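Chains, contacts and geometry: an overview
The lines below spell out each chain.
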Amino acid sequence: MSGFVGVLVSDQWLQSQFTQVELRGLKSKFLSTKRETGHVMVGDLPPLMGKLKGLNQVVTEQEIADILAESYPDTTHELDFEAFLRVYLDLQEKAATKLGGAKNSSSFLKATTTTLLHTINESEKESYVVHINNYLGEDPFLKKYLPLDPTTNELFNLITDGVLLCKLINVAVPGTIDERAINTKEVLNPWERNENHTLCLNSAKAIGCTVVNIGTQDLVEARPHLVLGLISQIIKIQLLADLNLKKTPQLMELVDDSKDVEELMSLAPEKMLLKWMNFHLKKAGYKKPITNFSSDLKDGEAYAYLLNALAPEHSSSATLEIKDPGERAKRVIEQAEKLDCKRFLNPKDIVEGSPNLNLAFVAQIFQHRNGLSADNENLTLSQMMPDDIQDSREERAFRLWINSLGIVTYVNNLFEDVRNGWVLLEVLDKVSPGSVNWKQATKPPIKMPFRKVENCNQVIEVGKQLNFSLVNVAGNDIVQGNKKLIVAYLWQLMRFNILQLLKNLRFHSQGKEISDSDILNWANNKVKDSGRSSQIESFKDKNLSSGIFFLQLLSAVQPRVVSWKLVTKGETDEEKKMNATYIISVARKLGCSVFLLPEDIMEVNQKMILTLTASIMYWSLQQPAGSSEQAESVAEASEVSADDAASQNGEDRSSVAESMSNLAVDDAASDITIGE
């Protein structure tokens, strides 16, 4: 285990019940209450506990007080942090009982974490290991460790240095991580391991994973339920990558009327997959619609019909005559393998209705034989593409940013999903708590059009209260899907969030408003103070396209993070792209949550350039004095032999741990969802 100990609890079992992000959040709540009154007593808990995840909207404050009275009749009894955690766990257990017992609801569609249940599905683990062996078995660095044995826990041992997860992200979305930024050595020191995990989490967010309740320490410790939850999301993104009209325009065949195209474009990939499956099943004569990847597929009949329709040369109607579901499932898998579908599940997984593995299996069938006609003459690519490439990039950036905030609704198609106003209200409430009047909001599904307009009118009203520039903009513009106005609103919302985060670091700003010029001056001064000569006039400065200024800025805030031997002069387009790709990975490796693409740097996209600079500034201002020097000394110390490192480990660990426990390496730590 590394020196990144985070929040320590003396009872190891108690520590194991929480992620580091959850512990940091709970510790913050505990200390906040203690600062107000000087102590935390049993009587303080009902209003505090009633707002925490797993308890809010499940048990009332009075019910919490009644439960506490059973163990603590004296409401003036003082509690330390560990007692506070035990009370929270006890209350969660009773809340789960009230709901009818905790159920394992881990989902491939949106993996989240829970402190109530930390079980893992062995079949899923084995399937993910086989997937990793198939796709990373020839990787130059990992091939000496692969293949892994699916029946063991070798996966969790290999996860701890962070390399495998970074490589897996690049399998899912090629080019996400500049692999030059990954620390790949036989033995990594704690800082290097932490950098890899930070790079992994920020890159996972950048491809659409939900990682709000996962911290780097959880990956260092390779907590199985969190690791598998993250891996499942990464694999899902890879397998469903073609389930959209841009990649597979033939999906237009799934709708009869051009009016339905808009609805089709707004479907989440897994919903698109279900629609595709039902399309073929209906044509094949299967009567029951498939609504999920679990119970509806248990008997194997739908699979038999689907494969008969898609690959009659490998299938047989005899499969349907098999009475035993297990035998039928076995035959279905054998038929799919003839299409070169990789084995993602076994017959037992079909019979038991594993939603994660069934989704993966159906996605594999789609990839190898989608059965859609190749000639849609009435369809042109321009009909499906956004208005221009710039819109497409900005849609991606805003969509990923929104999903990184940890709001309840997951955004799949930005311009469609915001039109009812609900998502924007969720985002507003997240970045400006208390700004939304939920009593005047209508939650989807919304059948009455005027309710959507009401939601969007409140979006505009709150925006004006936050001093957004919204001249002649009405809620109906959002309802109508005006892309230009939606992008303009979201940019102001993102910028507001960034400036508020910087303002809240009061020991630097003394609570004053932060402006764009403050960010620009900070960046120029930081580079100048490091002894470099580069300066920029604005966030539109064309000299930024080479990438040199940002590399100097990153090096200024953390000298060891940039490897200058990998940096080009940034003169040709190819050199600029290499630098831009490296900048984004280095920034994420440092701990910055950014969603821009290399092209945004090369073309000097003013909005994205500002967000990148502000993210670096936000990370830098959070660092304790001397942390860069600490990192340097630790990195240098790691170059000694393994034997020397082992002998020094005991005396160095405490100082490294102390420094790292104060380090905000991931914005998820300050944006947790244990209490709303």
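Heads up: the structure comes first, above all this text.
Predicted model, so just to flag it, every value in this text is computed and none were measured.

All right, on to the overall build of the chain then. Scanning the chain from N- to C-terminus turns up 33 helices and zero strands. By the burial criterion, 53% of the 676 residues in the chain qualify as buried. Of all intrachain contacts in the chain linking residues separated by at least 6 positions in sequence, the fraction that spans at least 24 positions is 66%. Total accessible area computed for the chain in this model is approximately 30,300 Å², and 49% of it derives from carbon and sulfur atoms.

Let us now look at the pattern of salt bridges. Scanning all chains against the criterion turns up 23 salt bridges. Between Glu603 and Arg393 there is a salt bridge, with its nearest N and O atoms 2.8 Å apart. You can see Glu603 sitting in the loop between helix 30 (598–602) and helix 31 (606–622) and its partner Arg393 sitting in helix 20 (residues 389–404), a full 210 residues away along the chain. When its relative accessible area of 45% is taken as the criterion, Glu603 is described as partly exposed. On the basis of relative accessibility, which here comes to 11%, the residue Arg393 falls in the buried class.

Below, the discussion takes up the nonpolar core. Counting residues in hydrophobic clusters, the biggest one holds 171 residues, and the most contacted among them are Leu230, Ile231, Leu273, Trp276 and Met277. A per-element tally of this core places helix 25 (residues 483–503) first, with eleven residues. With residues near it in sequence (within four places) discarded, Leu230 still touches Leu165, Cys200, Leu201, Ala204, Cys209, Val211, Ile214 and Leu219. In terms of nonpolar packing, the next biggest core, distinct from the first, is built from 29 residues, Leu14, Leu23, Met49 and Leu89 among them.

This next bit is on the side chain of Arg419. The topology assignment puts Arg419 in the loop between helix 21 (414–417) and helix 22 (422–431). A distance of 2.7 Å separates a polar atom in the side chain of Arg419 from the backbone oxygen of Val479. Not counting residues within four places of it along the chain, the set of residues in contact with Arg419 comprises Glu262, Lys452, Cys456, Ile478, Val479, Gln480 and Gly481.

We now examine helix 31. The terminal C-alpha atoms of helix 31 lie 25 Å apart, and with 17 residues this matches the ideal 24 Å at 1.5 Å per residue to within 8%. Among the 17 residues in helix 31, 14 count as buried, and that is most of the element. Sitting at the head of helix 31, Asn605 places a side-chain oxygen 3.1 Å from the backbone nitrogen of Lys607.

What the rule picks out here adds up to eleven aromatic pairs. With 6.2 Å between their ring centres and 20 degrees between their planes, Phe81 and Phe84 make a pair best called stacked. Of this pair, Phe81 and Phe84 both sit in helix 5 (residues 81–98), three residues apart, which is roughly one turn of that helix. The same class applies to Phe81 and to Phe84, which are both buried. A ring pair is formed by Phe549 and Phe550, whose centres lie 6.1 Å apart and whose planes are at 70 degrees; its orientation type is edge-to-face. Connected via pairs of aromatic rings, a cluster forms that spans Phe30, Phe81 and Phe84. Above the plane of the ring of Phe81 lies Lys27, whose end atom (NZ or CZ) is 5.0 Å from the centre. The ring of Tyr410 carries the charged tip of Lys236 above its face, separated from the ring centre by 5.8 Å.

Scoring rules and cut-offs
- Residues numbered from 1 in each chain as written.
- Predicted model: local features only at pLDDT ≥ 70, side-chain atom pairs only at ≥ 80, totals over all residues.
- Heavy atoms only, no water.
- Helix = DSSP H or I, 4+ residues; strand = E, 2+ residues; numbered from the N terminus.
- Buried < 20%, exposed > 50% of the residue type's maximum accessible area, 1.4 Å probe, protein only.
- Contact = heavy atoms within 4.5 Å.
- Areas by Shrake-Rupley, 256 points an atom, 1.4 Å probe, with all protein chains shown as cover.
- Salt bridge = Lys/Arg side-chain N within 4 Å of Asp/Glu carboxyl O.
- Core = buried A, V, L, I, M, F, W, Y, C linked by side-chain atoms within 4.5 Å.
- Polar contact = N/O pair within 3.5 Å; in protein donor to acceptor, adjacent residues only side chain to side chain.
- Expected span 1.5 Å × (residues − 1).
- Phe/Tyr/Trp six-rings, centres within 6.5 Å; stacked < 30°, edge-to-face > 60°.
- Lys NZ or Arg CZ within 6 Å of the ring centre and 35° of its normal.

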